[in-house]
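Survey of secondary and tertiary structure
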Amino acid sequence: MSVESTEDLITIARIVKTRGLRGEVVAQLLTDFPERFDDLAGVTVTSSEKGERRELKIESFFFQKGRIVLKFEGFDTVEEGEELRGSDVCVPESESVALESDEFFDWQLAGCVVETIGGKSLGTVREVMRTGGTELLVVAGEEKEYLIPFAESICATVDIENKMIRIDPPEGLLEF
């Protein structure tokens, strides 16, 4: 699997530490679909810190305490596993899981311009914050940051193709 640039990759896990002495690594899951690992033979592992990008084959994996433990071919010692700490485990965007028409990946929402239905620009989505309830769009404005509930009743239009979200905020939402 050869991928030309990091722009066409989506991150599904982040390696946080090594495990054991045989090169296994523990990764934080960044996907809502952990079952996707069942069908993955290879992944792209990127490290922005080191400027590296590697195509790796998954030898084995299992889930433990809400994380995933991965064993990659050719990584057989704790030192070799340590080389991967802080790296992202990615797949091509073309291999993303199909969603319903009203569902979006966090990476699709990030970078979207947010404006009210009246045309007032609020800023750009910096991230999606998960609180256990309705997700919040963290919108970085020029002077302040807004937390906008990502709910159908507020987000009137979500246009991923044009990176635009139009909101109909209830009274008081934008004033804090």
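Residues numbered from 1 in each chain as written. Predicted model: local features only at pLDDT ≥ 70, side-chain atom pairs only at ≥ 80, totals over all residues. Heavy atoms only, no water.

**Points about the pairing of strand 8 (residues 121-129)**
Here strand 7 (residues 113-116) pairs with strand 8 via three bridges, running antiparallel. When the sheet's bridge partners are listed, V113 is paired in strand 8 with T124. Between strand 7 and strand 8, which pair antiparallel and follow one another directly, the connecting turn spans four residues, one of which, G119, has a positive phi of 100°. As judged from the five bridges shared by strand 8 and strand 9 (residues 136-140), these two strands associate in the antiparallel manner. Residue pairing in the sheet places T124 in a bridge with A140 of strand 9. Connecting strand 8 to the antiparallel partner strand 9 that follows it, the hairpin turn spans six residues, and G132 within it adopts a positive phi of roughly 100°. (Pairing = 2+ DSSP bridges. Helix = DSSP H or I, 4+ residues; strand = E, 2+ residues; numbered from the N terminus.)

**Side note on the side chain of S47**
Along the chain, S47 turns up in strand 3 (residues 42-47). Contact partners of S47, with chain neighbours within four places excluded, come to E52 and S87. (Contact = heavy atoms within 4.5 Å.)

**Quick look at the packing of aromatic side chains**
The tally for this structure, following the rule as stated, stands at five aromatic pairs. Taking 6.5 Å as the distance between ring centres and 70° as the angle between the ring planes, the aromatic pair formed by F72 and F75 counts as edge-to-face. Neither residue differs from the other here; F72 and F75 are each classed as buried. Between F104 and F150, the ring centres sit 6.2 Å apart and the planes meet at 70°, which makes this aromatic pair edge-to-face. One end of the pair, F104, is in the loop between strand 6 (88-92) and helix 2 (106-109); the other, F150, is in the loop between strand 10 (145-149) and strand 11 (155-159), with 46 residues separating them in the sequence. (Phe/Tyr/Trp six-rings, centres within 6.5 Å; stacked < 30°, edge-to-face > 60°. Buried < 20%, exposed > 50% of the residue type's maximum accessible area, 1.4 Å probe, protein only.)

**Digging into the confidence of the model for the protein chain**
When pLDDT is averaged along the protein chain, the result is 86; 93% of the residues meet or exceed 70. Here helix 2 stands out as the element of the protein chain with the lowest mean pLDDT, 81, in contrast to strand 5 (residues 67-72), whose mean of 95 is the highest. The model gives residues 1-6 a pLDDT under 50, and that stretch makes 16 contacts with residues more than four places away or in other chains. (pLDDT = per-residue confidence, 0-100.)

**Some points on the state of the cysteines**
Under the defined criterion, the tally for this structure stands at zero disulfides. Not part of a disulfide, C112 finds its nearest cysteine sulfur in C155, a span of 10 Å. (Disulfide = S-S within 2.5 Å.)

**Focus on the pairing of strand 5**
By the criterion of burial, strand 5 is predominantly enclosed, with five of the six residues buried. Across four bridges, strand 2 (residues 24-29) lies against strand 5 in antiparallel orientation. The partner of Q28 across the bridge, within strand 5, is R67. In the sheet, strand 4 (residues 52-64) pairs with strand 5 via six bridges, with the strands oriented antiparallel. Bridge assignment links S60 to a residue of strand 5, and that residue is K71. Taking the residues between adjacent antiparallel strands as the criterion, strand 4 and strand 5 are bridged by two residues, where K65 takes a positive phi near 50°.

**Remarks on unusual backbone geometry**
For K65, which is not glycine, the phi dihedral falls at a positive 50°. With respect to the helices and strands, K65 occurs in the loop between strand 4 and strand 5. For K65, a relative accessible area of 83% translates into the label exposed. In this model, K163 sits at a positive phi of 55°, which is unusual for a non-glycine residue. Inspection of the secondary structure puts K163 in the loop between strand 11 and strand 12 (164-167).

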